[in-house]
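A look at the structure
Okay, here's what each chain looks like letter by letter:
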Amino acid sequence: MKTIVIDGYKFEGPYRMDKDEIPAEAGVMLISTEAGEGFKIMCVEESSDMAAFIAGSDRKGLWIEHAYHGEVDIYILRTDCDDVKRESIADSIASRRLSSLNCQRPKVVEDDW
């Protein structure tokens, strides 16, 4: 495993989806793939249980479709912060890269009328 720093946060990985065991811990995940000499972040996700989130995600097919040779890599940031802070971290990372996150789930804007 290696460590990468994104926006000051240290992520470890890559964990290969459906091959490596993702920790069943709270955290933020960079769903990514190989890209030339580096990697490309396809979307940013967060969960109180990263293993369960990845295993049960309805977006796995989309990630595989957009991944280089169908190989999805996951970099993780383990956190012990509350749900609101974890979501804030994920949103902050994603908002700086929206134009290149080809698998990012659109943020739902709720109307208050």
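Anyway, here's the lowdown on the structure attached to this text. (Residues numbered from 1 in each chain as written. Predicted model: local features only at pLDDT ≥ 70, side-chain atom pairs only at ≥ 80, totals over all residues. Heavy atoms only, no water.)

Further remarks concern the packing of aromatic side chains. Within this structure, the stated rule accounts for one aromatic pair. Measuring from centroid to centroid gives 4.9 Å for Phe-39 and Tyr-75, while their planes differ by 35°, and the two rings are tilted. One end of the pair, Phe-39, is in strand 4 (residues 38-47); the other, Tyr-75, is in strand 5 (residues 73-78), with 36 residues separating them in the sequence. A relative accessible area of 28% means that Phe-39 is categorised as partly exposed. According to the relative accessible area criterion, Tyr-75 is buried, its value standing at 3%. (Phe/Tyr/Trp six-rings, centres within 6.5 Å; stacked < 30°, edge-to-face > 60°. Helix = DSSP H or I, 4+ residues; strand = E, 2+ residues; numbered from the N terminus. Buried < 20%, exposed > 50% of the residue type's maximum accessible area, 1.4 Å probe, protein only.)

Turning our attention to the pairing of strand 1 (residues 2-6). As paired elements, strand 1 and strand 2 (residues 9-16) share five bridges and run antiparallel to each other. Bridge pairing links Ile-6 to Tyr-9 in strand 2. Connecting the antiparallel pair strand 1 and strand 2 is a turn made up of two residues, with Asp-7 showing a positive phi of about 50°. (Pairing = 2+ DSSP bridges.)

Okay, the side chain of Asp-73 next. In this fold, Asp-73 is placed in strand 5. When its relative accessible area of 5% is taken as the criterion, Asp-73 is described as buried. Apart from residues no more than four positions distant in its own chain, Asp-73 is found in contact with Pro-14, Tyr-15, Arg-16, Leu-30, Ile-31, Ser-32, Thr-33 and Glu-34. (Contact = heavy atoms within 4.5 Å.)

Time to look at the environment of Asp-91. Note that Asp-91 resides in helix 3 (residues 83-95). For Asp-91, a relative accessible area of 33% gives the class partly exposed.

Now for the environment of Ser-48. Along the chain, Ser-48 turns up in the loop between strand 4 and helix 1 (50-56). Classification of Ser-48 by relative accessible area gives exposed; the value is 52%. The sequence separation of Ser-48 and Glu-25 amounts to 23 residues, and the corresponding C-alpha distance is 6.3 Å. With residues near it in sequence (within four places) discarded, Ser-48 still touches Glu-25, Ala-26 and Arg-86.

Let's shift gears to the side chain of Lys-60. As for its position among the elements, Lys-60 is in helix 2 (residues 60-66). Of the polar contacts made by the side chain of Lys-60, one reaches the side chain of Asp-18; its length is 3.0 Å. Beyond its immediate sequence surroundings of up to four residues, Lys-60 is in contact with Met-17, Asp-18, Ile-54 and Ala-55. (Polar contact = N/O pair within 3.5 Å; in protein donor to acceptor, adjacent residues only side chain to side chain.)

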